[in-house]
Amino acid sequence: DGRLTFYPGNQAVDLPSINFMKRQGTIFLNAYTNSPICCPSRAAMWSGLFTHLTESWNNFKGLDPGYVTWMDLMAKHGYRTQKYGKLDYTSGHHSVSNRVEAWTRDVDFLLRQEGRPMVNLTGDRKHVRVMAADWQTTDKAVSWIKEEATNLTKPFVLYLGLNLPHPYPSPYAGENFGSSTFLTSPYWLEKVNYKAIKIPKWSSISEMHPVDYYSSYTKNCTGEFTKQEVINIRAFYYAMCAETDAMLGEIISTLGDTRLLEKTIIIFTADHGELAMEHRQFYKMSMYEGSSHIPLLVMGPGVREQQQIPNLVSLVDLYPTMLAIARIPAPRNLSGYSLIPLLQGKPENKVSPRPSWVLSEFHGCNVNSSMYMLRSGRWKYIAYSDGHSVLPQLFDLSDDPDELTNVALKFPGMVRALDKVLHSVVNYPEVTSAVHEYNKRQFISWKQSLGRNYSDVIANLRWHQDWLKEPKKYEMAIEKWL
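Calculation criteria
- Residues numbered from 1 in each chain as written.
- Predicted model: local features only at pLDDT ≥ 70, side-chain atom pairs only at ≥ 80, totals over all residues.
- Heavy atoms only, no water.
- UniProt positions renumbered as here; feature names shortened; annotations may be inferred.
- Helix = DSSP H or I, 4+ residues; strand = E, 2+ residues; numbered from the N terminus.
- Expected span 1.5 Å × (residues − 1).
- Buried < 20%, exposed > 50% of the residue type's maximum accessible area, 1.4 Å probe, protein only.
- Contact = heavy atoms within 4.5 Å.
- Axes fitted to C-alpha atoms, helices over the stretch in contact; angles between N-to-C directions.
- Parallel < 35°, antiparallel > 145°, perpendicular 65-115°, else oblique.
- Left-handed = near helix turned anticlockwise from the far one by under 90°.
- Pairing = 2+ DSSP bridges.
- Core = buried A, V, L, I, M, F, W, Y, C linked by side-chain atoms within 4.5 Å.
- Nonpolar A, V, L, I, M, F, W, Y, C, P; charged D, E, K, R; others polar.
- Salt bridge = Lys/Arg side-chain N within 4 Å of Asp/Glu carboxyl O.
- Phe/Tyr/Trp six-rings, centres within 6.5 Å; stacked < 30°, edge-to-face > 60°.
- Lys NZ or Arg CZ within 6 Å of the ring centre and 35° of its normal.

Per an unreviewed UniProt entry, the protein chain carries the name Arylsulfatase K and comes from Upupa epops. Under the Sequence similarities (unreviewed entry) heading, UniProt states for the protein chain: "Belongs to the sulfatase family." Taken from UniProt, the Function (unreviewed entry) comment for the protein chain reads in full: "Catalyzes the hydrolysis of pseudosubstrates such as p-nitrocatechol sulfate and p-nitrophenyl sulfate. Catalyzes the hydrolysis of the 2-sulfate groups of the 2-O-sulfo-D-glucuronate residues of chondroitin sulfate, heparin and heparitin sulfate. Acts selectively on 2-sulfoglucuronate and lacks activity against 2-sulfoiduronate."

Observations concerning helix α6 (residues 132-147)
For α6, with 16 residues, the first-to-last C-alpha span of 22 Å sits near the 22 Å given by 1.5 Å per residue. For α6, the set of buried residues is D134, W135, T137, T138, A141, V142, W144 and I145. Contacts from the buried residues of α6 go to β2 (80-85), β4 (156-161), α7 (186-189) and α9 (227-257).

Describing the packing of helix α14 (residues 428-450) against helix α17 (residues 471-481)
Between α14 and α17, the least distance of the axes is 11 Å, while the angle of their chain directions is 125°. With respect to α17, the axis of α14 lies oblique. Crossing hand, α14 versus α17: left-handed. Across from H436, N439, K440, F443 and K447 in α14, the residues of α17 making contact are I478, E479 and W481.

Side note on the environment of Y84
If you trace the backbone, Y84 turns up in strand β2. Expressed as a C-alpha distance, the spacing of Y84 and V407, which sit 323 residues apart in the sequence, is 44 Å. Ignoring any residue separated from it by four or fewer positions in sequence, one finds Y84 in contact with T137, K140, A141, W144, L158, Y159, L160 and G161.

Some remarks on the pairing of strand β11 (residues 371-376)
Most of β11 is tucked away, with 6 of its 6 residues classed as buried. Here strand β10 (residues 357-362) pairs with β11 via 6 bridges, running antiparallel. For S360, the partnering residue across the bridge sits in β11 and is M373. Where β11 lies against strand β12 (residues 379-384), 6 bridges are found, and the strand directions are antiparallel. Looking at β12, one finds that L374 is bridged to Y381.

What to know about the environment of K146
Tracing the backbone through its elements, the reader meets K146 in helix α6. Classification of K146 by relative accessible area gives partly exposed; the value is 47%. Measuring from C-alpha to C-alpha, the distance between K146 and G377 comes to 44 Å, with 231 residues separating the pair along the chain.

A word on the nonpolar core
Grouped together as the largest cluster of nonpolar side chains are 76 residues, with contacts concentrated most on M21, Y238 and L255. Examining the composition of this core, we find that 16 residues originate from one element, α9, more than from any other. Once residues within four sequence positions are removed from consideration, L255 is found in contact with I145, F156, L260, L261, T264 and I266. Core analysis: the second largest hydrophobic core is formed by 41 residues, F50, W103, Y454 and W467 among them.

Looking at the pairing of β10
With 6 of its 6 residues buried, β10 lies for the most part within the structure. The side-chain alternation of β10 yields two buried faces, one formed by W357, L359 and E361 and the other by V358, S360 and F362.

Quick notes on the packing of α6 against α9
α9 packs onto α6 with a crossing angle of 10° between their chain directions and a minimal axis gap of 9 Å. Comparing their axes, α9 and α6 come out roughly parallel. From α6, D134, W135, T138, A141, V142, I145 and K146 reach across to α9, where they touch E243, A246, M247, E250, I251, T254 and L255. The class makeup of the residues in the contact of α6 with α9 is 8 nonpolar, 2 polar and 4 charged.

Observations concerning unusual backbone geometry
The omega torsion of the bond from Y7 to P8 falls at 0°, within 30 degrees of zero and hence cis. Following the sequence through the fold, P8 ends up in the segment before α1 (16-24). Following L164, the chain continues into P165 via a peptide bond in cis, with omega recorded as 5°. Mapped onto the elements, P165 comes out in the loop between β4 and β5 (181-184).

Considerations on the pattern of salt bridges
Where charged atoms from two side chains of opposite charge come close, those side chains can pair. Taken as a whole, this structure holds 20 salt bridges when the rule is applied. R3 is paired through a salt bridge with E278; the nearest N and O atoms lie 2.9 Å apart. Linking R3 in the segment before α1 with E278 in the loop between β6 (266-269) and α10 (289-292), this pair joins segments that are 275 residues apart in sequence. Each member of the pair R3 and E278 is classed as buried. Here D466 and K469 are joined by a salt bridge, their closest N and O atoms 3.7 Å apart.

Focus on the packing of aromatic side chains
Counted under the stated rule, the structure contains 23 aromatic pairs. Summarising the aromatic geometry, the rings of F50 and W357 are spaced 6.4 Å apart at their centres and angled 35° between planes, so their arrangement reads as tilted. Of this pair, F50 sits in the loop between α2 (38-47) and α3 (51-54) while W357 sits in strand β10, and the two are 307 residues apart along the sequence. Each member of the pair F50 and W357 is classed as buried. A centroid spacing of 5.7 Å and a plane angle of 90° characterise the contact between F109 and Y474, whose relative ring orientation is edge-to-face. Of this pair, F109 sits in the loop between α5 (96-103) and β3 (118-121) while Y474 sits in helix α17; the two residues are 365 residues apart in sequence, bridging distant segments of the chain. As far as burial versus exposure is concerned, F109 and Y474 are alike and both buried. These aromatic residues form a ring-pair network of at least three members: F109, W463, W467 and Y474. Above the plane of the ring of F225 lies R116, whose end atom (NZ or CZ) is 3.8 Å from the centre. In this structure, K284 packs its charged tip against the face of Y283, placed 4.2 Å from the ring centre.

This is the structure in structure tokens:
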């Protein structure tokens, strides 16, 4: 959650490496993901293109194999390149459950797709390496800097992808479990300031936007939660962020030890945030700030120190930024704009000025409608489906930072103006229709591939605890949809 990197969010947890980057470089106060879920957002970051252009519709559908990323171009122009850890921007990953849940989101049924969010404390005050896989990946990056980068005669670019602070898989939820466990150790929990934890306000279930209700239900969050449960989920999430921050610290200190720090640009960002029980939800797949607002910090040569930038930026801006750093001409028709002028504190290009808005869109699981978010100035506008069948939302983030009051009916002129801008960027009714047809084609193909096993397989996916109560009812709902 990008809001944890600046005031007042940063009062809740100690993030020393983030704070070091803020002192030594620049922080973007309004950075957003272009799609609040792993694969589509990473596809946007690696391609520099909006989601409706990459057609990365869900966590199964990413970039085509062999797509030319900014790192590929840098390698072609003489950079030594290295990738470690989570990449997740090409097609074919994630579980069958994840795919089928995305494809069937328009079916007229409600099924819980996740385990109920919970916390789990492990180890003692000496247990530092909770996410062992991420630490091992970080160790590989550290070793590469020490053994390879220090001896290079040409420039390098190193990518390190971490899973944290993503919630962990929850085995208690069954064979096809989701990731609904917030796991940490006492060592990291001590970094959290419980007194600064803000308990989110919830609308009553009857007042929830219909898409929000679907999301909350499928994420298993519509039941009763005590105040302490909510506080703990948020505290454990912040502790997981602290552990992530320590891995960033390993990279920074290694660059310092090898005397590479002063001539290396470091960028820290995320694919999406975490709602952590805001709006009666956990996880991502939402346009609310906890899910869509990401961290973006940059430090290194040519980057102004202690600079806070309020401009709206997003992950597609990283592609032209990386090429600008390497002085490689950027391809035409990218969705993003180089951040270099902002980082250097210079006026932006007047010939091709940065737009005053950012776009995020989502077409995957846990949401029963394609949604499109346009952030412009103080306003956040969210359009759904074809723009008519589901009511839009409008939030004034200056007066309502917690996004509790939809003022779309109060400001119809602003809705029309922002919708016009949105239409100029993406023909969203047409995209929604294309996704709808894609979902049906994919589902039919998958169903046919299973043959006689179809009924058994679909009943025992991640939603099995609900499905098995009335399997014929849910199969008939799918047939009606098809």
